[in-house]
Amino acid sequence: MGLFSFTQEIAMDLGTANTIIITNGKIVVDEPSVVALDRRTDKMIAVGEKAKLMHEKTHENIRTIRPLRDGVIADFYACEQMMRGLIKLVNTRSRLFSPSLRMVIGVPSGSTEVELRAVRDSAEHAGGRDVYLIFEPMAAAIGIGIDVEAPEGNMIVDIGGGSTEIAVISLGGIVSNNSIRIAGDDLTTDIQEYMSRQHNVKVSERMAERIKINVGAALTELGEDAPEDYIVHGPNRITALPMEVPVCYQEVAHCLEKSISKIETAILNALENTPPELYADIVHNGIYLAGGGALLRGLDKRLTDKINIPFHIAEDPLHAVAKGTGVALKNVDRFSFLMR
């Protein structure tokens, strides 16, 4: 890539929680999907990790925004600013002029035409000239290393920040899919509500996320792998005095029960709509879990016991979609399932 390279190719996993950009087969940007804007001028102050550190700690002149909610763009202007900011992080070297971009972007499989249009428009405004879209479960399957063009059924459950994508893939297409708006963010909200109701302590979204990462679990019995209790500091909801509450994984498993049951039901619905031949392949190959939600302790065991099909956690669940998008970028001309 010299001074005169006219086209730059980037693959982007535009997620509700994190945005990952791959160029030349390498992950060059892996930042939270947060942007900080100046309230008066609407100029971008920070993006990614820097903006996340400001989240919930700002004064009235700064607003931090998560432009994507439930896997869908909720704030166009902020999303465009965030994409520009993150793309700038890729091009750290100075150039005479910015190159035109060829982009492949992962989108939720349950997206409507309007939502797809929104992603495409945001990408074009951020400098994309050739923009291709790929459904996230398809990208996750490629990232895990599944041959998506083979005549055999594979099932992917991609639990992201804003939506859970469940898809059966065969012959380079999605045969049956189910996309529900229950995912990592909802689990975080469940924890916030539980702490407030059960322990009378106010916790922020970021604190609830830390609880989820440290003691989040889908089973009340983890045996050897049980994490240590996590100490939560926060104000009492009634007296506003400081409190210190230890939280154990069993409590968290109880409070996440409802949301995880909904994910289970969605997986069963997708299996119900799967043709019998492909169903047989899925029972034989197992079901693959990707996305940040796959890291919830005991989730694979819980689903395996409930559905009687083995669940495998992808090798690098957080980056599966991004890696698949990177592979799709290299094969833009060959893959028929990319949407222009």
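Note that the structure is a prediction, hence the values are computed from the model and not measured. (Residues numbered from 1 in each chain as written. Predicted model: local features only at pLDDT ≥ 70, side-chain atom pairs only at ≥ 80, totals over all residues. Heavy atoms only, no water.)

Helix and strand content of the protein chain: ten helices and 17 strands. Rg of the C-alpha trace for the protein chain: 21 Å, near the compact-globule value of 20 Å for 340 residues, within the 12% margin. In terms of overall dimensions, the protein chain has a C-alpha envelope of 60 × 60 × 35 Å along the principal axes. By the burial criterion, 55% of the 340 residues in the protein chain qualify as buried. The contacts in the protein chain between residues at least 6 apart in sequence include a share of 64% that link residues at least 24 apart. (Helix = DSSP H or I, 4+ residues; strand = E, 2+ residues; numbered from the N terminus. Rg over C-alpha atoms; globule rule 2.2 N^0.38 Å. Buried < 20%, exposed > 50% of the residue type's maximum accessible area, 1.4 Å probe, protein only. Contact = heavy atoms within 4.5 Å.)

So, about the pattern of salt bridges. Taken as a whole and assessed by the stated rule, the structure comprises 19 salt bridges. In this structure, Arg302 and Glu257 form a salt bridge, with 3.1 Å as the shortest nitrogen-oxygen distance. Here Arg302, found in helix H9 (residues 299-307), pairs with Glu257, found in helix H7 (residues 249-272); they are 45 residues apart in sequence, far enough to count as distant. Arg302 gets classed as buried once you look at its relative accessible area, which sits at 11%. (Salt bridge = Lys/Arg side-chain N within 4 Å of Asp/Glu carboxyl O.)

The sheet built from five strands is open, its strands ordered E13-E12-E11-E16-E17 with mixed pairing. Edge positions in the sheet fall to strand E13 (173-180) and strand E17 (311-313), since each has one partner strand and no second. Shown here is a sheet whose adjacent strand axes are inclined to one another by a mean of 20°, direction ignored. Those strands touched by helix H4 (residues 136-144) are strand E11 (154-159), strand E12 (164-170), E13 and strand E16 (287-290), and its axis lies near 65° from that of E12. (Pairing = 2+ DSSP bridges. Axes fitted to C-alpha atoms, helices over the stretch in contact; angles between N-to-C directions.)

Okay, H7 next. Taking 1.5 Å of rise per residue, 24 residues should cover 34 Å, and H7 covers 32 Å from first to last C-alpha, within 8% of that figure. Along its length, H7 shows its largest kink, about 55°, at Glu257. (Expected span 1.5 Å × (residues − 1). Bend = angle between axes of the 7 residues up to and from the residue.)

The pairing of strand E2 (residues 18-23) with strand E3 (residues 26-32) spans six bridges and is antiparallel. When the bridges of E3 are listed, Thr23 appears paired with Lys26. Joining the antiparallel neighbours E2 and E3 is a turn of two residues, in which Asn24 adopts a positive phi near 55°.

On to the sheet that holds strand E5 (residues 44-47). Ordered in space as E5-E4-E6, the three strands form an open sheet in which the pairing is antiparallel. The open sheet terminates on both sides in strands that have one partner only, identified here as E5 and strand E6 (62-65). Each neighbouring strand pair of the sheet contributes to a mean axis angle of 20°, computed without reference to strand direction. Of the strand pairs in this sheet, strand E4 (residues 35-38) and E5 are connected by three bridges, and their pairing is antiparallel. Among the inter-strand pairings, Val35 is bridged to a residue of E5, identified as Val47.

Successive side chains on a regular strand alternate, one facing one side of the sheet and the next facing the other. Burial runs high along strand E1 (residues 7-14): six of the eight residues are buried. Two elements, E1 and strand E9 (residues 100-107), share seven bridges in a ladder whose sense is parallel. The residue bridging Thr7 from the neighbouring strand is Ser100, located in E9. Relative to E2, E1 runs antiparallel, the two sharing four bridges. Each residue of the ladder has a partner; that of Asp13, found in E2, is Ile20. What sits between the antiparallel neighbours E1 and E2 is a turn of three residues.

In this structure, Ser100 sits in strand E9. Separated by 102 residues in the primary sequence, Ser100 and Lys202 place their C-alpha atoms 47 Å from one another.

Turning to the state of the cysteines, a few remarks are in order. Taken as a whole and judged by the stated rule, the model has zero disulfides. Unpaired in terms of disulfides, Cys255 finds its nearest cysteine sulfur in Cys248, a separation of 11 Å. (Disulfide = S-S within 2.5 Å.)

Once that is clear, we can look at the packing of helix H2 (residues 76-90) against helix H3 (residues 113-125). Two elements in contact, H2 and H3, have axes separated by 9 Å at closest approach and are oriented at 50°. When the interaxial angle is binned, H2 and H3 end up oblique. Every pair of crossing elements has a handedness; the one defined by H2 and H3 is right-handed. Across from Phe76, Cys79, Glu80, Met83 and Arg84 in H2, the residues of H3 making contact are Ala118, Ser122, Ala123 and His125. Residue composition of the contact of H2 with H3, grouped by class: five nonpolar, two polar and two charged. (Parallel < 35°, antiparallel > 145°, perpendicular 65-115°, else oblique. Left-handed = near helix turned anticlockwise from the far one by under 90°. Nonpolar A, V, L, I, M, F, W, Y, C, P; charged D, E, K, R; others polar.)

By the secondary structure assignment, Gln81 is in helix H2. Given a relative accessible area of 14%, Gln81 falls into the buried group. Not counting residues within four places of it along the chain, the set of residues in contact with Gln81 comprises Val35, Leu37 and Met44.

Read these as geometric descriptors, not functional statements.
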